[in-house]
Amino acid sequence: MATIYRRKSTKKGPAKREGPHSYRVEFTFNRRRFHTSIRVRTKDQRDDFNANLSRMIRAAQAGLSLEPETELWAERLPDKVYDKLAAAGLIPRNHRAISIGRLIEQMRYKPISKAGEAARSQAHRSLLQYFGADKRIADISESLASSWWQAHGTKTAKGTELAVATQQKRLNYVKAVFNFAKRRGIITLNPFHEYDGWSQVNPKRRRYIEIREIEALRPHMDPEFFALVATVRLAGLRCPSEVSPLTWDDVDFERHSLMIRQAKIKCGGNKEPYRKCPMRTMLAEILRGIRPLSPQPGTQVFPDHPGSPCRNRYKLLRDAIDCAGIKAWEKPFVNLRASAITDFRRTGVSPVQVGDWTGNSTRIADKHYDLPFADQFICAVNLPLHLPDYPRAG
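Scope of this entry: the structure provided in the associated data block. Predicted model only: the values in this text are computed from it and were never measured.

1. Looking at the sheet that holds strand β4 (residues 251-252)
Stage number 1. A sheet is described by the order of its strands in space; here 3 strands give the open sequence β4-β5-β6, paired in antiparallel fashion. In this open sheet, the two edge strands, each paired with only one partner strand, are β4 and β6 (274-278).
Stage number 2. Bridge count between β4 and strand β5 (residues 257-261): 2 bridges; the pairing is antiparallel. Paired with V251 across the strands is L258, a residue of β5.

2. Quick notes on the pattern of salt bridges
Stage number 1. Taken as a whole, this structure holds 13 salt bridges when the rule is applied.
Stage number 2. Between R255 and D252 there is a salt bridge, and its shortest N-O distance comes to 3.1 Å.
Stage number 3. On the basis of relative accessibility, which here comes to 61%, the residue R255 falls in the exposed class.
Stage number 4. In this structure D252 comes out as partly exposed when scored by relative accessible area, which is 22%.
Stage number 5. One salt bridge connects D319 with K315, and the closest N-O pair in it is separated by 3.0 Å. Pair noted here: D319 and K315 are both in helix α11 (residues 313-324), with a separation of 4 residues, about one helical turn.
Stage number 6. For D319, a relative accessible area of 32% puts it in the partly exposed group.

3. As for the packing of aromatic side chains
Stage number 1. Evaluation of the coordinates by the stated rule reveals 6 aromatic pairs.
Stage number 2. Summarising the aromatic geometry, the rings of W148 and W149 are spaced 6.3 Å apart at their centres and angled 45° between planes, so their arrangement reads as tilted.
Stage number 3. A relative accessible area of 10% means that W149 is categorised as buried.
Stage number 4. Ring centres of F344 and W357 lie 5.5 Å apart, and the angle between their planes is 70°; on these two criteria the pair is classed as edge-to-face. Of this pair, F344 sits in helix α12 (residues 332-346) while W357 sits in helix α13 (residues 351-358), and the two are 13 residues apart along the sequence. In this pair, the class of F344 matches that of W357, namely buried.
Stage number 5. Ring-pair connections join several aromatic residues into one group, and the members of that group are W148, W149, F178 and F192.

Rules used in this analysis
- Residues numbered from 1 in each chain as written.
- Predicted model: local features only at pLDDT ≥ 70, side-chain atom pairs only at ≥ 80, totals over all residues.
- Heavy atoms only, no water.
- Pairing = 2+ DSSP bridges.
- Helix = DSSP H or I, 4+ residues; strand = E, 2+ residues; numbered from the N terminus.
- Salt bridge = Lys/Arg side-chain N within 4 Å of Asp/Glu carboxyl O.
- Buried < 20%, exposed > 50% of the residue type's maximum accessible area, 1.4 Å probe, protein only.
- Phe/Tyr/Trp six-rings, centres within 6.5 Å; stacked < 30°, edge-to-face > 60°.

In short, the description is geometric, and any link to function would need to be established separately.
Now the structure itself:
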């Protein structure tokens, strides 16, 4: 019923005498011919495979259930061989009791940023911690999915509420696991199918920080920390992922430019690990004021070691805002970066060029970083009563 023969090696040199050998397996079932390949070490293993496969074919033709020994043998088959036998109809696709831990190990991913990898790992760990690595995928119902979502989908392990965008990302990574199981034929319905996506646009990002507000904070800050805040506000660096690695070697006062290590870059992608950003005159003056006379190569501009004035960034910034009597910002460093990107766009430079400077795509900038500012409102108020007539087509 089945034919197994040794594959000939296409590599030059002496024949391989030790280790697993590759065999091609051909069998016919329901007038259809199927083939796959196996790797075994001994002829006994090859003959055992042939005998079990023949028993499976006879049982399927007679409409009988598999013997327990044959079922156990099928459970241990590699995924590629198992899927081939399932495609032939010898065993059901969802017969194997695949656990959630094993399924996550089998998944293959496209290259994403390190931050994305960390978020995906967190989502997978939360699944394994809640259900257990040995939990069968087919046993996870919609009610269990709802319980997981209430326990881990919206909160951290310490009970802190997650941001809306973080909740959406975690849900996407979890749904991807069960969609993969659905494509494999292990389940017929994703237990998270009722949890649809929602908008990730956070209204707390929509806050433009004026330059005068930054100047008002200066008397209440250490010069080094004020330089850090000014760098985020005037150059649009991400804090802390792009601010902390910045060294004095990356600051070019002659060309008024900053060489920034990309924080969000796809692992294995074609994107350059560095990008160049213009350094505004105001920022150059501030950085000159804190630059050492002869910095050593690799010296951080904003060191974050214990005792450094740039250590507890969020607390220092909020304390300075309170002392200055300014209305607090919901997302301080995100608002500063968004304001810098908005300033770059106001200059009339191409949005694509601005994206190269700030390290984000035009679509993301339109969605999160293009903020309204006071000048736009004033321009709208001062529009002439009668706008000029433009010639109409046709």
